[in-house]
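Remarks on the overall topology
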Amino acid sequence: MPVLFEFRTETWPDNGKIVVYDSDATVPSDEALVQSRRDVVGRTGTQIYIHSLQGTSPAEIVFRVWDGPAPADRGWGAEGEREVELDTATGCVVIRAFSPEIAGCFDLPRPGVYEGRVSWKGRQAAEEQQSSLHAQLATPEGQLNSEAVFAAHHETLETYRIDLWWTAESEDDEDDD
């Protein structure tokens, strides 16, 4: 199966929160947020919540749309994955991690319901990097050299891959007919 579309970005997950959503789905979901804290990924249908274990270094987001069910990608060393569905009536997807506010905004090949999975690696390493940063900043030397401490803890260790494929017309589109 070929990849039809790919978008990559880096963002700092403020309070561990990354949200991927249809541009019209702006009402937050506490239930999906709680689910993401428990299962790494929470979902509402029009939103996907991803929970990072840190918020002080960038996380890479790779968003791919496939021409059918995405093949298993075992070669990149994913540490886990969750199945997702994203219903995007507008076809416009926003990635928001709150720092910067909008990490990405793009149009999919077509609006509709996409199924797929979110997989990840590097969550623990990024959490350990954040713990080391906080420990060093707590020392007098770290406070005096805070710029160097932050620079030394800036490596992107965490990656989330979102692999989706189109499966149906959007439920919102069907209601409009």
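Below or above, wherever it landed, is the structure these notes cover. The shown structure was predicted, so the numbers you read here are calculated from the model rather than taken from an experiment. (Residues numbered from 1 in each chain as written. Predicted model: local features only at pLDDT ≥ 70, side-chain atom pairs only at ≥ 80, totals over all residues. Heavy atoms only, no water.)

A few words on the sheet that holds strand β6 (residues 80–88). Within a beta sheet, neighbouring strands are joined by backbone hydrogen bonds and run either parallel or antiparallel to one another. With mixed pairing, 5 strands are arranged side by side in an open sheet as β1-β5-β10-β9-β6. Each edge of the open sheet is held by one strand with a lone partner, namely β1 (3–11) and β6. The average angle at which neighbouring strand axes cross in this sheet is 20°, direction not considered. Pairing of β6 with strand β9 (residues 112–121) involves 9 bridges; the strand directions are antiparallel. (Pairing = 2+ DSSP bridges. Helix = DSSP H or I, 4+ residues; strand = E, 2+ residues; numbered from the N terminus. Axes fitted to C-alpha atoms, helices over the stretch in contact; angles between N-to-C directions.)

The next point concerns the state of the cysteines. Applying the stated criterion across every chain, the model contains 0 disulfides. Cys92 forms no disulfide, and the closest cysteine sulfur to it belongs to Cys105, at a distance of 3.6 Å. (Disulfide = S-S within 2.5 Å.)

Of all 5 residues that make up strand β4 (residues 47–51), 5 are buried, and the element is covered over most of its length. Here β4 shows two buried faces, one formed by Gln47, Tyr49 and His51 and the other by Ile48 and Ile50. Looking at chain direction, strand β2 (residues 17–22) and β4 are connected through 5 bridges and run antiparallel. From the neighbouring strand, Lys17 faces β4, where its bridge partner is His51. (Buried < 20%, exposed > 50% of the residue type's maximum accessible area, 1.4 Å probe, protein only.)

Next up on the list: the pattern of salt bridges. Counting across every chain of the model gives 6 salt bridges. Residues Asp163 and Arg64 are paired through a salt bridge, measuring 2.7 Å at the closest nitrogen-oxygen approach. With Asp163 in strand β10 (residues 158–168) and Arg64 in strand β5 (residues 59–66), this pair connects stretches of sequence that are 99 residues apart. On the basis of relative accessible area, Asp163 is assigned to the buried category, the value being 3%. With its nearest N and O atoms 3.2 Å apart, the salt bridge here joins Arg110 to Glu169. Of this pair, Arg110 sits in the loop between β8 (102–107) and β9 while Glu169 sits in the loop between β10 and α5 (171–176), and the two are 59 residues apart along the sequence. With relative accessibility at 37%, the residue Arg110 sits in the partly exposed group. Given a relative accessible area of 38%, Glu169 falls into the partly exposed group. Through salt bridges with shared partners, a single network forms among Glu6, Arg8 and Glu60. (Salt bridge = Lys/Arg side-chain N within 4 Å of Asp/Glu carboxyl O.)

In short, the description is geometric, and any link to function would need to be established separately.
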